Amino acid sequence: MSKLWQKMMRPVMFGLDAERAHEIGIKALKMGLASPFYSDAGLDGFGAIERFGLKFANPLGLAAGFDKNGVAVEQLASLGFGFIEVGTVTHEPQPGNPKPRIFRLPDDQALINRLGFNNDGAVALAERLKIINRKCVVGINIGKNKDVPNEDATDNYLKAFDAVHSVADYIAVNISSPNTPNLRELQKADNLEELIRALTTRNTELGHRPLLVKIAPDLNEAEIEAIVDTCLRHEFDGIIATN
């Protein structure tokens, strides 16, 4: 199957715009065209783990950003992942940054992603997740709408949180994307304190879901210590390092 990919499918996909190729890949998953790659048996050799009160069939998962809108969760889970994290999703749907916004780096086997939280909105995502057959842990990554100023960020996050809470196995709070202006300012101590306190309170009111915060890779030691201290004081379940 790898030879088929290298000789036939990869050249075709690399002949397309990177975002267009991604969209086709998602559609192929939804239609079952990638079924030859499926393996419901899971990934041998890793073993199950338990974290945050959740049981993962294995520790290898798919990070947020690939399936932002939760349209291919069942198919992706069939590839053997121990968890799928969908999103980043915002309270209101938004188109993201102007195109082109994904750029290939073939020599590095990498991509530059400047999508900017393009998504259908938290309510639409929640409706999709209500009806899927879950084959693994499903996390939801939430962010801030681009047009919402940071002084109103907490309320914006809470609205997204409320919409997805009931369908999330865990919730990741994205405060570290470089593609939403000023979002990383929310990592500063005072801003983070307000946001985490509000989310923790709401989580208690609605029924506990594991909460994690996703941080940037370029924080200094003092900033990391402040974030960890805030998370510990409010009993956040984990930190995703790094965006």
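Each remark here, short or long, concerns the structure printed above.
Residues numbered from 1 in each chain as written. Predicted model: local features only at pLDDT ≥ 70, side-chain atom pairs only at ≥ 80, totals over all residues. Heavy atoms only, no water.

A. Layout of the nonpolar core. I84, L129, I140, I142, Y157 and I175 are the most contacted members of the largest nonpolar core, which has 45 residues in total. For this core, the leading source of residues is helix 5 (residues 153–164), giving 6 residues. Leave out the neighbours within four places in its chain, and I175 touches Y157, L183, R184, L186, Q187, L192, L195, V213 and K214. Grouped together as the second largest cluster of nonpolar side chains are 7 residues, F56, V137, Y170 and L212 included. (Core = buried A, V, L, I, M, F, W, Y, C linked by side-chain atoms within 4.5 Å. Buried < 20%, exposed > 50% of the residue type's maximum accessible area, 1.4 Å probe, protein only. Helix = DSSP H or I, 4+ residues; strand = E, 2+ residues; numbered from the N terminus. Contact = heavy atoms within 4.5 Å.)

B. Quick look at the side chain of N69. Structurally, the position occupied by N69 is in the loop between strand 3 (61–62) and helix 3 (73–77). Note on N69: relative accessible area 16%, which makes it buried. Beyond its immediate chain neighbours, meaning those up to four positions away, N69 contacts N119, D120, L125 and R128.

C. Summary view of the side chain of T180. For T180, the location among the structural elements is in the loop between strand 8 (170–174) and helix 6 (189–206). Filtering out sequence-adjacent residues up to four positions away, T180 remains in contact with F117, K144 and K146.

D. Main features of the pairing of strand 6 (residues 110–113). Across 4 bridges, strand 5 (residues 102–105) lies against strand 6 in antiparallel orientation. From the neighbouring strand, L105 faces strand 6, where its bridge partner is A110. The turn joining strand 5 and strand 6, which pair antiparallel and follow one another in sequence, is formed by 4 residues; a positive phi near 50 degrees is taken by Q109. (Pairing = 2+ DSSP bridges.)

E. View of the pattern of salt bridges. This structure, assessed with the given rule, holds 13 salt bridges. Put simply, E23 and R20 hold a salt bridge, and the shortest N to O gap is 3.5 Å. Residue E23 and its partner R20 are both found in helix 2 (residues 18–31); the two are separated by 3 residues, about one turn of the helix. The exposure class assigned to E23 is partly exposed, which follows from its relative accessible area of 27%. (Salt bridge = Lys/Arg side-chain N within 4 Å of Asp/Glu carboxyl O.)

F. Layout of a nonpolar patch on the surface. Among the surface-exposed residues, I224, V228, L232 and I239 lie close enough to one another that they form a single nonpolar patch of about 320 Å² accessible area. For the nonpolar patch, the element with the highest residue contribution is helix 7 (residues 221–233), accounting for 3 residues. Along the polypeptide, L232 turns up in helix 7. (Patch = residues over 30% accessible without salt bridge, like charges linked within 9 Å, V, L, I, M, F, W, Y side chains within 5 Å. Areas by Shrake-Rupley, 256 points an atom, 1.4 Å probe, with all protein chains shown as cover.)

G. A look at the sheet that holds strand 3. Strand order in the open sheet made by the 6 strands is 3-4-7-8-9-10, with parallel pairing throughout. Since the sheet does not close on itself, it has two edges, and those belong to strand 3 and strand 10 (238–241), each with one partner. Where strand 9 (residues 211–215) meets strand 10, 4 bridges bridge the pair, whose relative direction is parallel. Each residue of the ladder has a partner; that of L212, found in strand 10, is G238.

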